[in-house]
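If you want the building blocks of each chain, they are given just below.
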2 protein chains.
Amino acid sequence: WCTKEGGDKVGFGVCEGKVLPAISNLGTPAHANICRSDSKKDNYSHFKLYGHWKSSSAWRVRTAMAAKAIPYESIPVNFLEGEHKSDAHSRRNSMMQIPVLEFVNTGSGETVRITQSMAIIEFLEEMFPNRGGTLFPADPIDRAAAREAAEIVNSGIQPLQNLPILNMIDSGREGREGLTGKDFGKLAIEKGLFALEAMVGKQRNSKGKGCGPYALGTFSPTLADVFIVPQLCNARRFCVDVESLCPTLLAAEAAAAQHAWFKESSPKEQPDHPSSM
Amino acid sequence: WCTKEGGDKVGFGVCEGKVLPAISNLGTPAHANICRSDSKKDNYSHFKLYGHWKSSSAWRVRTAMAAKAIPYESIPVNFLEGEHKSDAHSRRNSMMQIPVLEFVNTGSGETVRITQSMAIIEFLEEMFPNRGGTLFPADPIDRAAAREAAEIVNSGIQPLQNLPILNMIDSGREGREGLTGKDFGKLAIEKGLFALEAMVGKQRNSKGKGCGPYALGTFSPTLADVFIVPQLCNARRFCVDVESLCPTLLAAEAAAAQHAWFKESSPKEQPDHPSSM
């Protein structure tokens, strides 16, 4: 079966993509994203994602685009070389950050831009509730928990280990000893992942035997996984001992690595990923 | 008129509260929050908000509770005296932060807790779409802009000027010269408010003459105002020259100061606010 845009489950053979048997009624099938709505009827089209293979915030949005099965053009903005500070990019995003999602309002013909990964992902869910799969659990309390876990990463960890912030700390030191930007980032990641591990553990315990492999014990990835997976990758870059600190999050990461949405959004699958790495 | 839970506009005399005449169809009337749903029918009850009069994140949630006309018990957690690090509070919130919203699921009798201001506010909107007013604009692009502005504060500014972070920077310096925690916080606020002023200015310009007094040019406060108002208060504490930096945000703040939701959520109206200040 697959799900029809704006409607309920429809019969075999109605989807544009290949039809798979249902694998579970406890979550979205791993390949739900092959079921696409008729894009001609969409209110928005011509999606472009300004991002970078190494940006954890862009990675979140790529996973959400994969979950919603929205085709898009990937436009790299090399923040490692300062390209995000260009006039062209600051017109796209006053915060001079990535990602930026750009698209055309098919009614008015206007070009629209949205920044901030959380705002973009909420927009995609609101606009395409029945397209592809969903990162938002059906139960409102579970949905709140998914947003909570995502925000622990989004506002509690990632901003504190972001490159411009680390540079600000290092430049303020002007060659003196003391806390380096990298020390600061590592401490912030450790504090945040420790709390997230506890929060996620509590959620999973409450599910007991009915616990699925993803972060919040679901059988399909949620917003929580979308934010946790790229953050774990950053943690390793900062030499955080993730094996000791957050084993539950690592198990969720291993499950996500097998999922089509995460395979599609993986940094190494992006057009700007260096072939030498 | 007023709005009925789960339904459309209902006639005069149906609300529990005093019925006011409609004042505008361009936004939520200032006193829409007097129209309460029948609380006996609610799925959730006995709301408690763990917060503090001086916390900007708790202030955001207080405004959302006022917008949704949800009565709650206010429980101060004095983070200035380290009370957020207590065992009792870390059981409520693994990040050891405020706010925490606690309530009872009236069906199961279970106590539920949600942390992270953004997750709480989204939950309130999802659970009570037709109760009180709304902080979410009807148009999906406007709604994305409101979340975008809120996230610039939520993940782009506030985490970088949060007390534990400033303490971490100061303790890392161990008495040496260089960038202090307060310098760091001030720089982060200035960078963020500068970008937010540009983003909000662009949104308002696109509305032209049909521009309302709130941050995104609406005639009723949105999520953007809920996050901007407390942040401006923090900015002044860090001696940021807000008059030069963000005049448009200040105008929105002045409009919000006259609005019932913000009057109710104001720090000085909270039970733990020192009477001497």
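Residues numbered from 1 in each chain as written. Chains lettered and ligands numbered in written order. Predicted model: local features only at pLDDT ≥ 70, side-chain atom pairs only at ≥ 80, totals over all residues. Heavy atoms only, no water.

Peer 1: Even after reading the chapter, I still don't get the sheet that holds strand β4 (residues 73-76) of chain A, so can you show me in this structure?
Peer 2: Strand order across the open sheet formed by 4 strands is β4-β3-β5-β6 (chain A), with mixed pairing between neighbours. The open sheet has two edge strands, β4 and β6 (111-115) of chain A, and neither has a second partner. Averaged over neighbouring strand pairs, the angle between their axes works out to 25° when direction is ignored. Against the sheet, helix α3 (residues 117-127) of chain A touches β3 (44-51), β5 (100-105) and β6 of chain A, its axis set at about 125° to β6(A). Of the strands in this sheet, β3, β5 and β6 of chain A touch helix α4 (residues 140-154) of chain B, which is tilted by about 30° from β6(A). (Pairing = 2+ DSSP bridges. Helix = DSSP H or I, 4+ residues; strand = E, 2+ residues; numbered from the N terminus. Axes fitted to C-alpha atoms, helices over the stretch in contact; angles between N-to-C directions. Contact = heavy atoms within 4.5 Å.)

Peer 1: Got a minute to help me understand the relation of the copies chain A and chain B in this structure?
Peer 2: Think of it as a corkscrew move, a rotation about one axis and a shift along it, taking one chain copy to the other. With an RMSD of 0.0 Å, the fit of chain A onto chain B corresponds to turning through 180° and sliding 0.0 Å along the axis. One copy is carried onto the other by what is essentially a two-fold rotation axis. Closest approach to the rotation axis within chain A is made by the C-alpha atom of Ser155(A), at a distance of 2.1 Å. Here 100% of the contact residues of chain A are again contact residues in chain B; the copies associate through an equivalent surface. (Least-squares fit on C-alpha atoms with pLDDT ≥ 70 in both.)

Peer 1: It is not clear to me how the side chain of Thr63(A) should be interpreted in this structure. Could you clarify?
Peer 2: Residue and element names in this part refer to chain A. Position of Thr-63 among the secondary structure elements: in helix α1 (residues 56-67). Taking relative accessible area as the criterion, Thr-63 reaches 0% and is therefore assigned buried. Of note is the side chain of Thr-63, whose polar atom sits 2.8 Å from the side chain of Ser-265. If we skip the residues at most four places from it in the chain, Thr-63 touches Val-226, Trp-261, Phe-262 and Ser-265. (Buried < 20%, exposed > 50% of the residue type's maximum accessible area, 1.4 Å probe, protein only. Polar contact = N/O pair within 3.5 Å; in protein donor to acceptor, adjacent residues only side chain to side chain.)

Peer 1: Would you mind showing me how to read the interface of chain A and chain B here?
Peer 2: In many analyses, interface size is given as the accessible surface area lost on bringing the parts together. With 46 residues of chain A at the interface, the matching set in chain B holds 46 residues. Counting each side, the surface lost to burial between chain A and chain B is near 4,100 Å², with a carbon and sulfur contribution of 65%. Three residues stand out in chain A for area buried against chain B, namely Met95(A), Ile141(A) and Met168(A), and they jointly supply 14% of the buried area on that side. Summed over the shared surface of chain A and chain B, the result is 6 salt bridges. One salt bridge in this structure joins Arg147(B) and Glu126(A), with 2.9 Å as the shortest N-O distance. In this structure, the connection of chain A to chain B is made through 14 residue pairs in polar contact (both at pLDDT 80 or more). If you list the elements that add at least two residues to the side of chain A that touches chain B, you get β6, α3, α4 (140-154), α5 (163-173) and α6 (181-207) of chain A. Broken down by class, the residue content of the side of chain A that touches chain B amounts to 25 nonpolar, 9 polar and 12 charged. (Buried area = accessible area lost by both parts, 1.4 Å probe. Salt bridge = Lys/Arg side-chain N within 4 Å of Asp/Glu carboxyl O. Nonpolar A, V, L, I, M, F, W, Y, C, P; charged D, E, K, R; others polar.)

Peer 1: Help me understand the confidence of the model for chain A, please; the structure alone is not making it clear to me.
Peer 2: Any residue range with low pLDDT should be treated as having predicted coordinates unsuitable for detailed reading. Averaged over all residues, the pLDDT of chain A equals 86, while 83% of them reach at least 70. Counted against residues more than four places away or in other chains, residues 1-40 of chain A, with its pLDDT under 50, gives 64 contacts. (pLDDT = per-residue confidence, 0-100.)

Peer 1: How do you make sense of unusual backbone geometry when you look at a structure like this?
Peer 2: With the exception of glycine, most residues fall at negative phi, and the peptide bonds are largely trans. All names here are of chain A. Residue Ile-98 is joined to Pro-99 through a cis peptide bond whose omega torsion reads 5°. Secondary-structure assignment places Pro-99 in the loop between α2 (87-92) and β5. Look at Ala-69: it is not a glycine, yet its phi comes out positive at around 55°. Note on placement: Ala-69 falls in the loop between α1 and β4. We note that Met-96 has phi near 55°; this positive angle belongs to a residue other than glycine. Residue position: Met-96 is located in the loop between α2 and β5.

Peer 1: Would you mind going over α1(A) with me for this structure?
Peer 2: Note: α-helices contain 3.6 residues per turn, so residues at a spacing of three or four share the same orientation. Residue and element names in this part refer to chain A. Taking 1.5 Å of rise per residue, 12 residues should cover 16 Å, and α1 covers 17 Å from first to last C-alpha, within 8% of that figure. With 12 of 12 residues buried, α1 is to be regarded as a mostly interior element. Among the residues making up α1, those that are buried are Ser-56, Ser-57, Ala-58, Trp-59, Arg-60, Val-61, Arg-62, Thr-63, Ala-64, Met-65, Ala-66 and Ala-67. Tucked into the core, α1 has its buried residues touching β3, β5, α3, α4, α7 (223-237) and α10 (260-265). For α1, the side-chain oxygen to backbone nitrogen distance between the N-cap and Ser-57 is 3.4 Å, and the N-cap itself is Ser-55. Looking one or two residues beyond α1, the residue adopting positive phi is Ala-69, at roughly 55°. (Expected span 1.5 Å × (residues − 1).)

Peer 1: For this particular structure, what's the right way to read the sheet that holds strand β4 (residues 73-76) of chain B?
Peer 2: What links the strands of a sheet is backbone hydrogen bonding, and the strands pair in either a parallel or an antiparallel sense. Residue and element names in this part refer to chain B. Ordered in space as β4-β3-β5-β6, the 4 strands form an open sheet in which the pairing is mixed. Each edge of the open sheet carries a strand with a single partner, namely β4 and β6 (111-115). Going across the sheet, the axis of each strand differs from the next one's by a mean of 25°, ignoring polarity. Looking at chain direction, strand β3 (residues 44-51) and β4 are connected through 4 bridges and run parallel. Note on β4: the bridge partner recorded for Leu-49 is Ser-74. The strands that helix α3 (residues 117-127) touches are β3, β5 (100-105) and β6; relative to β6, the one it contacts most, it runs at about 125°.

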